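Report on the structure
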Amino acid sequence: MKKHFLLAVCVFAVCALMGIAACGGDTEDAGTSSNGLASNGSNGGNSSGGNSSNASGNSSSSGGTSSSNGIGIASHVMVPLSSGSFTMGSADVTFTKGFLMGKYEVTQELYQQVMGSNPSSFTTGVTAGEVQVRRPVEYVRWYETLVFCNKLSILEGLSPVYTISGSTDPSSWGSVPTSSNSTWNAVIMNSSANGYRLPTEAEWEYACRAGTTTTYNLGNTWNDAWGWYLSFTTGNGNSGSKTHEVGKKTANAWGLYDMHGNVWEWVWDWYGSLGTSSVSNPTGPTSGSSRVYRGGGWGSSAGSLASAYRINYSPDTYSYDIGFRLARNNP
Ligand SMILES: [Ca+2]
């Protein structure tokens, strides 16, 4: 446990050191960006579902037509986003096809259903009025998200996206590495498979911004209604030093929750400098030593919750404030 704690402390220290100065903040006008919401919903595969639902089981998403899925987890909802463009750093990024993005961070109930276990550190002490199993999963290594995605794809009858050592079957991959592993680092993402995957870094920021160019996806000046966070330096924040049920704060314009705060979210990309030229469907550097995660968490200052804020960590590491969100190609 001590090691875990130290890792987490390390994350916070890095956040504090990077501070708000590292936040890219505003970008230029997204210009050609559409409203980003695709017109058609899509369910998770061989499912019933079809109608919108959110983690609390009440009204529909404010964005597009989202739908629940075939494995009966209410907090597992994918929102269709349309093709479009936005500016990331100083680069114009275009998505030539729409894609699906998780309406919520992956919850403990979904992780448990797919993996048969729940690694989260926050399994007790839920805030009154919230649902424990709908808190986001954390303590998940980047490597473990690959296993999760392929297992969920297989459960829903979809094509697994990730290949390691020539196989898409995670049961043949062996144990999840606890140190950086060249075999797992060589994972191949099949961009045409229809299964679940991590969003790319560009997809994550496009989805977070939802057409905005402001520091946060609901404005330039942080508002506590937008997400769960806490600055250990200043004491400002609302998280109470813990995760919260997903979907309790204000959604962005495309109906996505907790893009700012609650848990940080692993994305696909190796960490590297952002390019400056126009790119389409970028998937990041082809190699590296650490993977990007985004969005800030319950233990982050408001500055590190910014839409453009970037941070990275070795893929074998984990922390009690890092989880993930799912993406999928739009079939
Ligand atoms: Ca988040």
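Scroll up to find the structure.
In this report, we go over the structure that sits alongside the text. All values derive from a computational prediction rather than experimental measurement.

**Details of the nonpolar core**
Residues Val79, Met101, Cys149, Ala207, Leu256 and Tyr293 are the most contacted members of the largest nonpolar core, which totals 75 residues. Per-element tally for this core: the top contributor is helix 3 (residues 142-155), with 7 residues. In contact with tyrosine 293, other than residues within four places in its own chain, are Trp264, Glu265, Trp266, Val267, Ile311, Asn312, Tyr313 and Ile322.

**Here's the deal with the pairing of strand 3 (residues 91-95)**
Strand direction decides the pairing type here: strand 2 (residues 84-88) and strand 3, joined by 5 bridges, are antiparallel. When the sheet's bridge partners are listed, glycine 84 is paired in strand 3 with phenylalanine 95. Connecting strand 2 to the antiparallel partner strand 3 that follows it, the hairpin turn spans 2 residues, and glycine 89 within it adopts a positive phi of roughly 65°. Both strand 3 and strand 9 (residues 279-280) contribute to a ladder of 2 bridges, which runs parallel. Each bridged residue has a counterpart across the sheet, and for valine 93 the counterpart in strand 9 is valine 279.

**Here's the deal with helix 5 (residues 201-209)**
Helix 5 sits mainly inside the fold: 9 of its 9 residues count as buried. One or two positions beyond helix 5, positive phi appears at alanine 210, with a value near 50°.

**What to know about the sheet that holds strand 2**
Spatial ordering of the open sheet is given by 2-3-9, a layout of 3 strands whose pairing is mixed. Since the sheet does not close on itself, it has two edges, and those belong to strand 2 and strand 9, each with one partner.

**What about unusual backbone geometry?**
Residues other than glycine seldom take positive phi values, yet serine 165 does so here, at roughly 50°. The exposed category is assigned to serine 165, around which 12 C-beta atoms lie within 10 Å. Positioned with a positive phi, aspartate 258 is a non-glycine residue whose angle comes to about 60°. Considering the arrangement of structural elements, one finds aspartate 258 in the loop between helix 5 and strand 8 (264-270). A count of 31 C-beta atoms within 10 Å places aspartate 258 in the buried class.

**With respect to the environment of tryptophan 264**
By the element assignment, tryptophan 264 lies in strand 8. A tally of 30 C-beta atoms within 10 Å means that tryptophan 264 is categorised as buried. Here the alpha-carbon distance between tryptophan 264 and aspartate 321, two residues 57 residues apart in the chain, equals 6.0 Å. With residues up to four places along the chain from it excluded, the contact list for tryptophan 264 reads Tyr293, Arg294, Gly295, Gly296, Gly297, Asp321 and Ile322.

Cut-offs and rules
Residues numbered from 1 in each chain as written. Predicted model: local features only at pLDDT ≥ 70, side-chain atom pairs only at ≥ 80, totals over all residues. Core = buried A, V, L, I, M, F, W, Y, C linked by C-beta atoms within 7 Å. Buried ≥ 20, exposed ≤ 12 C-beta atoms within 10 Å, placed from the backbone. Helix = DSSP H or I, 4+ residues; strand = E, 2+ residues; numbered from the N terminus. Contact = placed C-beta atoms within 7 Å. Pairing = 2+ DSSP bridges.

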